[in-house]
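So the chains spell out like this:
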Amino acid sequence: WVRPPGIETVRSPSRANCRPRRESEWRDQWKLARRMHPEGLLWPYPPTPSLYRPSGTEGWLGLGWRRHWVWLGDGQLKGSLSTRPAGGRPGWRLLLVVDPTAQGRAEADLLPCALEALMSARAGFVLDYPRGIAAEALHALGFQPHRTLAWMRRPLLGAPKRDDDRDASQEMRSGSDR
């Protein structure tokens, strides 16, 4: 998903569950990333503790290269959004991790929080996120599909089944690609 520069940010109607991450919450954010991506695939940055661990040097120098927001549901961290420079061009790469029980809700709150904080007329945004999840919210915020991939996954034992699991398996059998 890409969001070109210059699009005005739509404010999220609900901000109660979204806020900047506290430094003390980095371990919870790391645990969520490991739980949602145990295979280590959070393109293009495989989840490592250093991605989430607070960096005193960065803050001390005022660089603000990495910023983090969290989304709380039922008093627990259910979603997180982290930023990194887009690399080679003005803008940001967004790393979004959302628990399946919060998908469709957390994205609609987390993304506007980050977009407002990072807004610059020259900055664009790149978000790698599976197609079919929160697509309506992404479109409403100005994101457009770009080189979307069908993320392959295998449900873990005891994991709740997702609606798009059936859609993906039907697509694979029919050979279709949206």
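Everything discussed here concerns the structure shown above.
This section reports on the structure supplied with the text. (Residues numbered from 1 in each chain as written. Predicted model: local features only at pLDDT ≥ 70, side-chain atom pairs only at ≥ 80, totals over all residues. Heavy atoms only, no water.)

Considerations on the state of the cysteines
Here is step 1: In total, this model carries 1 disulfide according to the counting rule given.
Here is step 2: In this model Cys 18 forms its disulfide with Cys 113; the gap between the sulfur atoms is 2.5 Å. Here Cys 18 is found in strand E2 (residues 18-20), whereas its partner Cys 113 is found in helix H4 (residues 106-118), with 95 residues between them in sequence.
Here is step 3: Cys 113 gets classed as buried once you look at its relative accessible area, which sits at 9%. (Disulfide = S-S within 2.5 Å. Helix = DSSP H or I, 4+ residues; strand = E, 2+ residues; numbered from the N terminus. Buried < 20%, exposed > 50% of the residue type's maximum accessible area, 1.4 Å probe, protein only.)

Digging into the pairing of strand E3 (residues 68-73)
Regular strands show a simple pattern: their side chains alternate between the two faces of the sheet.
Here is step 1: Within E3, 5 of the 6 residues are buried, which leaves it mostly tucked inside the rest of the structure.
Here is step 2: Here 3 bridges tie E2 to E3, and the two strands are oriented antiparallel to one another. Considered in E3, the bridge of Arg 19 is made with Val 70.
Here is step 3: Both E3 and strand E4 (residues 76-85) contribute to a ladder of 6 bridges, which runs antiparallel. Looking at the pairing, Trp 69 lines up with Leu 81 of E4.
Here is step 4: If you look at the hairpin formed by E3 and E4, you'll find 2 residues sitting between the two strands, and Asp 74 has a positive phi there, around 55°. (Pairing = 2+ DSSP bridges.)

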